[in-house]
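Secondary and tertiary structure notes
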Amino acid sequence: MAEVEVSHDCAVQTITLNRPDKLNAFTHALHGELQAALEEARDPAVRAVVITGAGRGFSAGQDLTAFGEARDVAAMLRATYHVNVTAIRSLEKPVIAAVNGVCAGAGLSLACACDIRLASDAAFFVPGFVGIGLIPDSGGTYFIQRLLGTPRAFEWMTSNRRLTAAEALAWGLVSEVVEADAFSARVAEHAAGLAAAPTRAIALTKRLYDEAATSTLEEQLEREAAAQAEAAQTGDFREGVAAFGEKREARFSGS
Ligand code: T3D
């Protein structure tokens with residue numbers, strides 16, 4: 001059975017982590033299949049991506065049964081988690097983490113590397129790392145600090161406290177919590193909306209926010225000017241302005 005399943009619905013690609021018996025904990029095989037799925041998502045026909053989990057988990061992080069004394073941990077991280085986290089950030093389209101259930105350790109880092117997090121009310125969030133004497137890797141110190149701020153991120157990641165979906169919403173870790181029964185329909189609706197949006201402008205916006213984290217205001221204003229010049233060349237910009245003039249809904253094609 002594949003450890004990652006990929007499906008398409010119009011311009012939405014859904015990537016499902018698929019080791020439900022182990023709460024979709026990461027193995028080497030799962031990493032490889034996720035990498036291939038993210039590569040496939042680069043196809044221009046794909047205009048929004050959803051990452052979710054099979055069963056009652058999103059992901060419980062690294063498969064703890066795969067730990068070994070002699071492993072080169074840093075090399076493993078570079079070859080697996082780093083590749084997939086950077087693939088998500090460099091994907092020129094929005095990536096939704098549809099957090100259907102348990103989200104822990106590097107699974108939490110992966111969710112936080114995505115552009116948007118929607119949570120089922122069955123989901124809960126556990127740092128995990130400190131529980132086994134590790135630091136938050138796979139972007140855990142980077143994304144969670146940006147989402148929550150250093151004091152809250154530090155307190156949470158060092159306490160290993162289980163956060164409910166409602167608490168995650170209150171903290172701004174997720175943007176929406178949906179009843180479990182309605183979750184997949186709401187995710188599909190959100191993803192379809194993004195897939196029908198002006199893809200190039202969204203990709204440029206994603207890149208600009210990533211760059212803003214380390215830019216001065218002057219640098220960022222210049223980046224915005226260059227990106228806007230690019231957006232203004234797109235068919236979607238022409239369509240948006242035409243639709244406004246004609247008092248109708250815009251039909252963006254991603255071109
Ligand atoms: O060297 C390196 O690899 C460095 C990289 C590290 C990256 C990391 O992600 S470190 C953090 C790893 N993750 C964890 O420490 C979380 C471990 N899991 C848990 O603490 C709990 O399972 C949860 C809080 C996530 C969920 O608890 P609960 O009670 O809802 O479920 P459960 O009964 O504990 O788990 C269900 C099954 O999944 C169970 O299997 P079984 O007994 O039914 O056959 C459990 O063993 C398995 N499972 C859960 N998490 C993992 C796992 N199996 C392997 N690895 C896991 N991480």
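Okay, so let's go over this structure. (Residues numbered from 1 in each chain as written. Predicted model: local features only at pLDDT ≥ 70, side-chain atom pairs only at ≥ 80, totals over all residues. Heavy atoms only, no water.)

Taken as a whole and assessed by the stated rule, the structure comprises 15 salt bridges. The salt bridge partner of Asp210 is Arg89, with a shortest N-O separation of 3.0 Å. Residue Asp210 is located in helix α9 (residues 199-212), and its partner Arg89 is located in helix α3 (residues 81-90); the two are separated by 121 residues in the primary sequence. In this structure, Arg200 engages Glu230 in a salt bridge whose closest nitrogen and oxygen atoms are separated by 2.9 Å. Pair noted here: Arg200 is in helix α9 and Glu230 is in helix α10 (residues 217-231), with a separation of 30 residues, a long-range link. The class for Glu230 is partly exposed, based on a relative accessible area of 32%. Three or more residues are tied together by salt bridges with common partners; here these are Arg89, Asp115, Lys206 and Asp210. (Salt bridge = Lys/Arg side-chain N within 4 Å of Asp/Glu carboxyl O. Helix = DSSP H or I, 4+ residues; strand = E, 2+ residues; numbered from the N terminus. Buried < 20%, exposed > 50% of the residue type's maximum accessible area, 1.4 Å probe, protein only.)

The strand order across the open sheet built from six strands is β1-β2-β3-β5-β7-β10, with neighbouring strands paired in mixed fashion. Looking at which strands have only one partner, the edges of the open sheet turn out to be β1 (4-9) and β10 (176-178). Within the sheet, the average angular offset between the axes of one strand and its neighbour, ignoring direction, is 20 degrees. The pairing of β1 with strand β2 (residues 12-17) spans six bridges and is classified as antiparallel. If you follow Asp9 over to β2, its bridge partner there is Val12. (Pairing = 2+ DSSP bridges. Axes fitted to C-alpha atoms, helices over the stretch in contact; angles between N-to-C directions.)

Interhelical geometry of helix α1 (residues 28-40) versus α3 gives an angle of 20 degrees and a closest axis separation of 10 Å. Taken together, the axes of α1 and α3 are roughly parallel relative to one another. Once α1 is placed against α3, the crossing between them reads as left-handed. Between α1 and α3, the contacting residues are His31, Leu34, Gln35 and Leu38 on the first element and Tyr81, Val83, Asn84, Ala87 and Ile88 on the second. Here the contact of α1 with α3 is built from residues that sort into six nonpolar, three polar and no charged. (Parallel < 35°, antiparallel > 145°, perpendicular 65-115°, else oblique. Left-handed = near helix turned anticlockwise from the far one by under 90°. Contact = heavy atoms within 4.5 Å. Nonpolar A, V, L, I, M, F, W, Y, C, P; charged D, E, K, R; others polar.)

Counting buried positions over the five residues of strand β7 (residues 116-120) gives five, a clear majority of the element. Of the two faces of β7, both are covered, the one formed by Ile116, Leu118 and Ser120 as well as the one formed by Arg117 and Ala119. The pairing of strand β5 (residues 95-99) with β7 spans four bridges and is classified as parallel. Within β7, the residue paired with Ile96 across the bridge is Ile116. Pairing of β7 with β10 involves three bridges; the strand directions are parallel. Each bridged residue has a counterpart across the sheet, and for Leu118 the counterpart in β10 is Glu176.

That's the geometry; what it means functionally is another story.
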